[in-house]
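The primary structure of each chain is shown beneath.
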Amino acid sequence: MGRGRAFVLGATGQVGRAAVRALAKDGWDVTAVSRGGGRDGTWGSDVRSVSLDREDEGALAAALGDGCDVLVDMVAFDGAHARQLTGLTGRVGSAVVISSGAVYEDDRGRGFDTQGEPDGAPHYPLPIPETQRTVAPGDTTYATRKIQLERELLAAGGELPVTLLRAGAIHGEHCRTPRELYFVKRLLDGRGRRVLAYDGMCRFHPVHVSNLAELIRLAALRPASRVLNSGDPQAPTVSEIAAAIDDVLGRKTETVLVAGAPPEGHVGETPWTSAHPIVYDMASARQELGYVPVTDYADSLPGTVEWLAAELHGREWTEAFPKMARNYGEALFDYAAEDAWLEGYDHRA
């Protein structure tokens, strides 16, 4: 006997692909919804694909037909999307919605939105519990819009039970902004040295896409209104991540560690760089869902690296990962600036 009907929005994105796969394997009757109506090669023929732009008025409600048992939303972003979902109350048994750990702020009001300001790096209690304070809801930044989404969905109470998953640094295949690219491309380009700020001790809790899909699967089975962190079993330092990628590619890289912030411009700065560690408390997910991670960072890394290398083959990184290029710019691989700083470092040593 099947689990029921699952309706997955954003199905061909990174998380959506894995979530559809996990739900279908668990016995759900899955409808995979995306703008292009595409399919992933790992899905079975029993998964239905539907083309839908949720921004078209009435399109989502029409596609739902007589409803579903669980609606899984990878791409809900703000209060408007929250109201779109709560407007389906009565036709949706429960919902699972992806949020973000970016909503947290420390006790001085510092969070992801303040990191570029003087003394703006947040200093969170570790590990960060779901009860940690969050930014105020609003429509100005990613974090304020995500918390607006959360607040409006939770206000629906028992009428629409919703699990909000505050994801860490999502990694794995099909990522549009893969942080691992920072080290993989350097190795493929033959770089033999790297610079890491903060003594290479930066930690930004990752979550592999398969672990996030497992949390979605478990939440679908246990409907309730709640907020849960989403992370891997470990939160490696950036030095550990760099060394693990070296091992996957069979390379050896000299690492120059710098105490404190990047010494000049973006030299020593990585997509994981933060003055203070970001590690999420996973106790609630274990207690409420019985969450057991399906993989860890090191075990999942070879698949990620292989996929990245294939995506980079024969083309510029900006073409392979245009969103990464927009978010970080050419400074991500400014080898000339690195080499100039390293030359001065060698003279000083």
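Residues numbered from 1 in each chain as written. Predicted model: local features only at pLDDT ≥ 70, side-chain atom pairs only at ≥ 80, totals over all residues. Heavy atoms only, no water.

Given 3.6 residues per turn, any residue in an α-helix points the same way as the ones three and four places further on. Relative to the 16 Å expected for twelve residues at 1.5 Å per residue, helix α1 (residues 14-25) spans 18 Å between its end C-alpha atoms, a close match to the ideal helical length. Burial in α1 covers these residues: Gln14, Val15, Gly16, Ala18, Ala19, Val20, Ala22 and Leu23. Structurally, α1 contributes buried residues whose contacts are with β1 (4-9), β2 (28-34), β4 (68-73), β7 (169-171) and α6 (209-221). (Helix = DSSP H or I, 4+ residues; strand = E, 2+ residues; numbered from the N terminus. Expected span 1.5 Å × (residues − 1). Buried < 20%, exposed > 50% of the residue type's maximum accessible area, 1.4 Å probe, protein only. Contact = heavy atoms within 4.5 Å.)

Turning our eyes to something else, we now look at the packing of aromatic side chains. Here the structure, examined in full by the defined rule, presents ten aromatic pairs. A centroid spacing of 6.0 Å and a plane angle of 35° characterise the contact between tyrosine 104 and tyrosine 280, whose relative ring orientation is tilted. Remark: tyrosine 280 occurs in the loop between β11 (254-257) and α8 (283-289) and tyrosine 104 occurs in the loop between β5 (92-100) and α4 (142-154); sequence separation between them is 176 residues. Residue tyrosine 104 shares its accessibility class with tyrosine 280, and that shared class is buried. (Phe/Tyr/Trp six-rings, centres within 6.5 Å; stacked < 30°, edge-to-face > 60°.)

This brings us to the pattern of salt bridges. It is possible for side chains of opposite charge to pair when their charged atoms get near one another. Tallying each qualifying case throughout the model produces 26 salt bridges. For aspartate 119, the salt bridge goes to arginine 108, with nearest N and O atoms at 3.1 Å. In this pair, aspartate 119 sits in the loop between β5 and α4 while arginine 108 sits in the loop between β5 and α4, placing the two residues eleven residues apart along the sequence. In terms of burial, aspartate 119 and arginine 108 fall into one category: exposed. For glutamate 214, the salt bridge goes to arginine 217, with nearest N and O atoms at 2.8 Å. Linking glutamate 214 with arginine 217, this pair stays in helix α6, spanning three residues, or about one helical turn. Look at glutamate 214 and you get buried, because its relative accessible area is 13%. (Salt bridge = Lys/Arg side-chain N within 4 Å of Asp/Glu carboxyl O.)

Each neighbour pair has its own omega, and for leucine 126 with proline 127 the value is -15°, a cis peptide bond. When you line up the elements, proline 127 lands in the loop between β5 and α4. Although it is not a glycine, histidine 174 adopts a positive phi angle of roughly 70°. Topologically, histidine 174 is positioned in the loop between β7 and α5 (181-188). Phi at aspartate 199 takes a positive value of approximately 55°, unusual for a residue other than glycine. With respect to the element layout, aspartate 199 can be found in the loop between β8 (193-196) and β9 (206-208).

Scanning the entire structure with this criterion turns up zero disulfides. As a non-bridged cysteine, cysteine 175 has cysteine 202 as the owner of its nearest cysteine sulfur, 19 Å distant. On the basis of relative accessibility, which here comes to 6%, the residue cysteine 175 falls in the buried class. (Disulfide = S-S within 2.5 Å.)

Taken together, the seven strands give an open sheet; going across it, the order is β3-β2-β1-β4-β5-β6-β10, and neighbouring strands pair in parallel fashion. If you trace the sheet from one side to the other, it starts and ends with β3 (48-51) and β10 (226-230), each paired once. Mean inter-strand twist for the sheet, computed between neighbouring axes without regard to direction, equals 20°. Bridge count between β5 and strand β6 (residues 162-167): six bridges; the pairing is parallel. Of the residues in β6, the one forming a bridge with valine 96 is threonine 163. (Pairing = 2+ DSSP bridges. Axes fitted to C-alpha atoms, helices over the stretch in contact; angles between N-to-C directions.)

Glancing now at α4. Given a rise of 1.5 Å per residue, 13 residues ought to cover 18 Å, and the 18 Å separating the end C-alpha atoms of α4 matches this to within 8%. The complete set of buried residues in α4 reads Ala143, Thr144, Lys146, Ile147, Leu149, Glu150 and Leu153. Against α3 (79-86), β5, β6 and β10 lie the buried residues of α4.

As far as function goes, none of this settles anything; it's purely spatial.
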